[in-house]
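This is what each chain is made of:
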Amino acid sequence: MTALAEPLLAHASRSLPRYTSYPTALGFKPAPDDTLTRSWLDAISPTDALSIYVHIPFCERLCWYCGCHTSVPNGYDRIAAFVGHLARELDLWADALPPHAGAAHVHFGGGSPNSLATADFTELMASIARRFMLRPGAEVAVELDPGHLDPDFARGLGAAGVTRASLGVQTFDPEVQRRVNRVQPFEGVEAAVGDTRRGGVEAINFDMMYGLPGQTPDNVATSMATALLLSPNRVALFGYAHVPWMKKHQAMIRAEDLADVAGRWNQAEAAEAVLLAHGYVRIGMDHYAHPGDPMVAELANGGLRRNFQGYTDDPAALLIGLGPSAISAFPQGFAQNASRVDHWAAALESDRLPVARQLATTDEDRLRAAAIERLMCDLEVDVGSLCREHGYAVSTLDEDLESVRALAADGLCTVSGRQIHVSPHISRLVRVVAACFDHQPSPPSARHSLAV
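Please read all numbers here as calculations on a predicted model, not as lab measurements.

## Brief notes about the overall build of the chain
Thinking step 1. Looking only at helices and strands, the chain has 16 helices and 20 strands in total.
Thinking step 2. Over its C-alpha atoms the chain spans a radius of gyration of 21 Å, differing by no more than 12% from the 22 Å that the globule rule assigns to 452 residues.
Thinking step 3. Scored against the burial criterion, the 452 residues of the chain give a buried share of 55%.
Thinking step 4. Considering only contacts in the chain between residues 6 or more positions apart, those separated by 24 or more positions represent 74%.
Thinking step 5. Of the accessible surface of the chain, which amounts to about 17,900 Å², a share of 53% is contributed by carbon and sulfur atoms.
Thinking step 6. Where the 37 positive side-chain charges of the chain centre and where its 52 negative ones centre are 2 Å apart.

The following block contains the structure:
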């Protein structure tokens, strides 16, 4: 394991965006209507492929660490009403689209998409495939809560068209599970994985966490080793963000039960050591993949991308977001749906796309977004070449490079001319380097997670 050197401790303690977009969602502005979004839709060409994200804002249980937009429905009536509105939204977006090249990627997130009834999920998937013209070989991914995964739902995923499933495992330590209200023994997760694979979904992802109450380097490493017994294709290793002032249920977790920044670093290092020892390839700052996974190939050829679902091999430049709080991305900017289910539903009942926030991007935004994405994905970027590719003078970002050089003095990266390189062994801190190219007004630091 690599110890966190003293000069890096202050950087690891910074609160920073995760840079799943640039500008980030905190820069979005209120949208008076859906006119701007529809103008961006009108600009889609017949050769443009789409990516579809569907947000399901319900869970069967509320985990105390959760930072997602979700709630517990206490019965199926609320979900059934939501499904009806979601079908209406799907039709509104599909009707607004000009001719395009079909959907190359579909991702169901939440919340827990397996809070839907099997029949509702299957019908929703069929509607997406029909209305957005699912392309041959498209990846269809779904996030699952393995502790509440109905075997019939799992075994029906492949037939519904799902090709990849991501299970929220987080930890196998029973005491840590108890402290975060997510009790799910290994045998239950093993059964969930088995049912999903028997249903025809061979690609399995696990989400794992560090920084939870009661976690130590030893029990984090043990949980990771236990998880790898089930041979996931990919593992995402996320640090818990403690923001009880934003997510009230996190008040159930006591701040004094959480490790400090150095402790969090040691937990992440312990988990990574297990992954690397088992042959997994490090992807960016927090993902790991089996050598045969398509994401590893995209990392090697420079095609790795980053969007609102994190690291991806999805090549589509256009993202349509369905459901409350979902974000759509276009070359011209971003549009975010209303977060409250009732506000989202009211827009749909008025036959409006439920866009509540938006941001038109500039050429300079797109240049900075490219620099940030390449750093986040490749851990390196030739800033001068990137400026030239975007039609700017090679010196355009030189002022930002001076900030990067200051970080290089602390060991965060190396700079040669206009080329930046972040060492893989400290890739967990790449957001600190990427932030040098972020010219958004600084929001309160409490809005973001720690760099580690």
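## Observations regarding helix 4 (residues 118–131)
Thinking step 1. Relative to the 20 Å expected for 14 residues at 1.5 Å per residue, helix 4 spans 20 Å between its end C-alpha atoms, a close match to the ideal helical length.
Thinking step 2. Listed in full, the buried residues belonging to helix 4 are Phe121, Leu124, Met125, Ser127 and Ile128. Here the buried residues of helix 4 occupy an arc of 160° about the axis, which is enough to place them on one side. Opposite the buried face of helix 4, by more than 90 degrees, sit the exposed residues Ala119, Glu123 and Arg130.

## Looking at the packing of aromatic side chains
Thinking step 1. Tallying each qualifying case throughout the model produces 8 aromatic pairs.
Thinking step 2. Ring plane angle 55° and centroid distance 5.3 Å describe the contact between Phe121 and Phe153, whose orientation is recorded as tilted. Residue Phe121 is found in helix 4, and its partner Phe153 is found in helix 5 (residues 151–155); the two are separated by 32 residues along the sequence.
Thinking step 3. Residue classification places Phe153 among the buried positions, given a relative accessible area of 4%.
Thinking step 4. An aromatic cluster is defined as three or more aromatic residues linked by ring pairs; in this entry it consists of Phe28, Phe308 and Phe334.
Thinking step 5. The ring of Tyr311 carries Arg306 above its face, with NZ or CZ at 4.5 Å from the centroid.
Thinking step 6. In this arrangement the basic side chain of Arg428 is found over the ring face of Trp265, its NZ or CZ atom lying 4.9 Å from the centre.

## Things to note about the pattern of salt bridges
Thinking step 1. One pass over the structure, following the stated rule, counts 30 salt bridges.
Thinking step 2. Note that Asp91 and Arg131 form a salt bridge whose closest N and O atoms lie 2.8 Å from each other. Pair noted here: Asp91 is in helix 3 (residues 77–96) and Arg131 is in helix 4, with a separation of 40 residues, a long-range link.
Thinking step 3. Overall, Asp91 belongs to the partly exposed group, its relative accessible area being 28%.
Thinking step 4. Salt bridges here are not isolated pairs; linked through shared partners, they connect Glu139, Arg164, Arg234, Asp293 and Asp313.

## Re the nonpolar core
Thinking step 1. Ranked by size, the top nonpolar core spans 122 residues in total, and within it Phe108, Phe132, Ile420 and Phe437 carry the most contacts.
Thinking step 2. If we skip the residues at most four places from it in the chain, Phe437 touches Tyr22, Arg368, Ala371, Ile372, Leu375, Val383, Leu397, Asp400, Val404 and Ile420.
Thinking step 3. Membership of the second largest hydrophobic core comes to 9 residues, among which are Val176, Leu212, Ile253 and Leu258.

What counts, and where the lines are drawn
Residues numbered from 1 in each chain as written. Predicted model: local features only at pLDDT ≥ 70, side-chain atom pairs only at ≥ 80, totals over all residues. Heavy atoms only, no water. Helix = DSSP H or I, 4+ residues; strand = E, 2+ residues; numbered from the N terminus. Rg over C-alpha atoms; globule rule 2.2 N^0.38 Å. Buried < 20%, exposed > 50% of the residue type's maximum accessible area, 1.4 Å probe, protein only. Contact = heavy atoms within 4.5 Å. Areas by Shrake-Rupley, 256 points an atom, 1.4 Å probe, with all protein chains shown as cover. Lys, Arg positive; Asp, Glu negative; His and termini not counted. Charge placed at Lys NZ, Arg CZ, Asp CG, Glu CD. Expected span 1.5 Å × (residues − 1). Arc of directions from axis to C-beta. Phe/Tyr/Trp six-rings, centres within 6.5 Å; stacked < 30°, edge-to-face > 60°. Lys NZ or Arg CZ within 6 Å of the ring centre and 35° of its normal. Salt bridge = Lys/Arg side-chain N within 4 Å of Asp/Glu carboxyl O. Core = buried A, V, L, I, M, F, W, Y, C linked by side-chain atoms within 4.5 Å.

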